[in-house]
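Residue-level structural notes
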Amino acid sequence: MLKYTVKRLLQSLFTILAIVTIVFLLLRLLPTDYYFTEDQLMKMTEQQKHDQLERAGLLDPMGVQLVRYYGQLLRLDFGESRRLQVGFKVTDIIAERFAISMRFGLSAMAISLFLGVLLGILQTINKNGILDHIGTGYTIFVNAVPHLVSYSLILIFGQKVLKLPSLYSPRNPGPSSILPIICLALGSVANYALWTRRYMVDELNKDYIKLARIKGMGYREIMVKHVLKNAFVPLVAYIPASILLTIGGSLLVERFYSIPGMGPLLTDAIGLYDTNIVQTLVMVYASLGILGVFLGDVMMMLFDPRIKLAGRGETR
């Protein structure tokens, strides 16, 4: 376990470093005019632009800039925003928005996990019954209809029938958060229900379940002690990644409800060529994704001791 953990952490750090390096080099290929606002370009002379770029170290050789950037990463110094919120530290900008997205994401994740697993269990118990068909229909509908259409239907219903706010407001966070959370949970409920039902049905068709029935074990005991427990093992591998990526924000939902979260931040930063924010956000999202996969492997081992994370030949 320790050997596997250390190896995976080193691999993760190398992967994150490689991603950050590639993004850094690509951003440095942009024309230098993108580092200035339109007002600055109109007011500054070529010499003034040259002097400012030189002070920022953007005219140094690429290798020098890269080494300097690595040093900043080690000091956890991610610089300041150049275009989006000029003069504000990148960490302060991201921290404020991350807190908002985390609140929405965790709330939606808790709802979707509970309802999705519950729906999957009920579908399995009532396999080929009315409830199973309803759950399957819901899953097909959510995955087939474009998200923007389903979000619009939820917005119309919530606004017209439930009288809920159509846009998020920091002054009224409770009621104005209901519709965005529902939209965020909508797809995840369907996915968790689909996979829970699939894994439980697979378990029910295995030989050890048939043997337990022959021995006279009750249906409820089989479902609780064997089917649900074993079906949850492969499902649990996706939970950490889902949680971490969910709290990273949703571009569509946060745009749709005007939520000042992490979702629109990356696209806004790219549109304004705010390189410091883009570099930091890429590192954040890469770290969340890699950490989620690693935690998923660890959770699978904790839920099922038969799974070995490392051994001879590094088998899993």
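A brief structural summary. (Residues numbered from 1 in each chain as written. Predicted model: local features only at pLDDT ≥ 70, side-chain atom pairs only at ≥ 80, totals over all residues. Heavy atoms only, no water.)

Turning next to the overall build of the protein. Regarding its fold elements, the protein presents 14 helices and zero strands. Counting from the amino terminus, the protein carries its helices and strands in the arrangement α-α-α-α-α-α-α-α-α-α-α-α-α-α. Over its C-alpha trace the protein gives a radius of gyration of 25 Å, far above what one expects of a compact globule, namely 20 Å for 316 residues. With respect to the principal axes defined by its C-alpha atoms, the protein has extents near 85 × 60 × 30 Å. Put simply, the protein has 316 residues, and 39% of those count as buried. (Helix = DSSP H or I, 4+ residues; strand = E, 2+ residues; numbered from the N terminus. Rg over C-alpha atoms; globule rule 2.2 N^0.38 Å. Buried < 20%, exposed > 50% of the residue type's maximum accessible area, 1.4 Å probe, protein only.)

Another aspect to go through is the packing of aromatic side chains. Summed over the entire model, instances satisfying the criterion amount to five aromatic pairs. A ring pair is formed by F104 and Y168, whose centres lie 5.3 Å apart and whose planes are at 75°; its orientation type is edge-to-face. Placement of F104 in helix α5 (residues 90-125) and of Y168 in the loop between α7 (147-160) and α8 (173-204) is noted, with a sequence separation of 64 residues between them. Members of the aromatic cluster, connected to one another through ring pairs, are Y151, F256 and Y257. (Phe/Tyr/Trp six-rings, centres within 6.5 Å; stacked < 30°, edge-to-face > 60°.)

Okay, helix α13 (residues 263-271) next. All of the buried residues in α13 are G263, P264, L265 and A269. At its buried positions, α13 is contacted by α5, α12 (251-256) and α14 (275-303). Note on α13: the residue one or two positions beyond its end, Y273, has a positive phi of about 55°. (Contact = heavy atoms within 4.5 Å.)

On to the side chain of N276. Looking at where N276 falls in the secondary structure, it is placed in helix α14. Among the polar contacts listed, one links the side chain of N276 to the backbone oxygen of E80, at a separation of 2.8 Å. Ignoring sequence-local partners within four residues, the contact set of N276 consists of F78, G79, E80, R82 and V90. (Polar contact = N/O pair within 3.5 Å; in protein donor to acceptor, adjacent residues only side chain to side chain.)

Let us now look at the environment of L245. As for its position among the elements, L245 is in helix α11 (residues 239-246). Exposure remark for L245: the relative accessible area of 45% places this residue in the partly exposed category. The spatial distance from the C-alpha of L245 to the C-alpha of G292 is 8.0 Å, given a sequence separation of 47 residues.

The subject of this paragraph is helix α1 (residues 2-27). With 26 residues, α1 ought to run about 38 Å at 1.5 Å a step, and its terminal C-alpha atoms sit 37 Å apart, in line with that. Every buried residue belonging to α1 is among Y4, T5, R8, S12, I16, V20, T21, V23, F24 and L27, and all of these are buried. On its buried face, α1 sits against α4 (62-74) and α14. (Expected span 1.5 Å × (residues − 1).)

Right, let's get into a nonpolar patch on the surface. The grouping of I111, F114, L115, L118, L122, I125, I130, L131, I134 and Y219 at the surface amounts to a nonpolar patch, some 920 Å² of accessible area in total. When contributions to the nonpolar patch are tallied by element, the ones reaching two or more residues are α5 and α6 (130-144). It is α5 that contributes the most residues to the nonpolar patch, six residues altogether. Following the sequence through the fold, I130 ends up in helix α6. What makes I130 exposed here is its relative accessible area of 67%. (Patch = residues over 30% accessible without salt bridge, like charges linked within 9 Å, V, L, I, M, F, W, Y side chains within 5 Å. Areas by Shrake-Rupley, 256 points an atom, 1.4 Å probe, with all protein chains shown as cover. Salt bridge = Lys/Arg side-chain N within 4 Å of Asp/Glu carboxyl O.)

Grouped together as the largest cluster of nonpolar side chains are 21 residues, with contacts concentrated most on L265 and I277. Where this core is concerned, the elements lending two or more residues are α1, α4, α5, α13 and α14. A per-element tally of this core places α14 first, with six residues. When neighbours within four sequence positions are excluded, I277 is seen to be in contact with S81, L84, V90, I93, L265 and A269. I121, Y199, I209 and V233 belong to the second-largest nonpolar core, a separate cluster that totals 19 residues. (Core = buried A, V, L, I, M, F, W, Y, C linked by side-chain atoms within 4.5 Å.)

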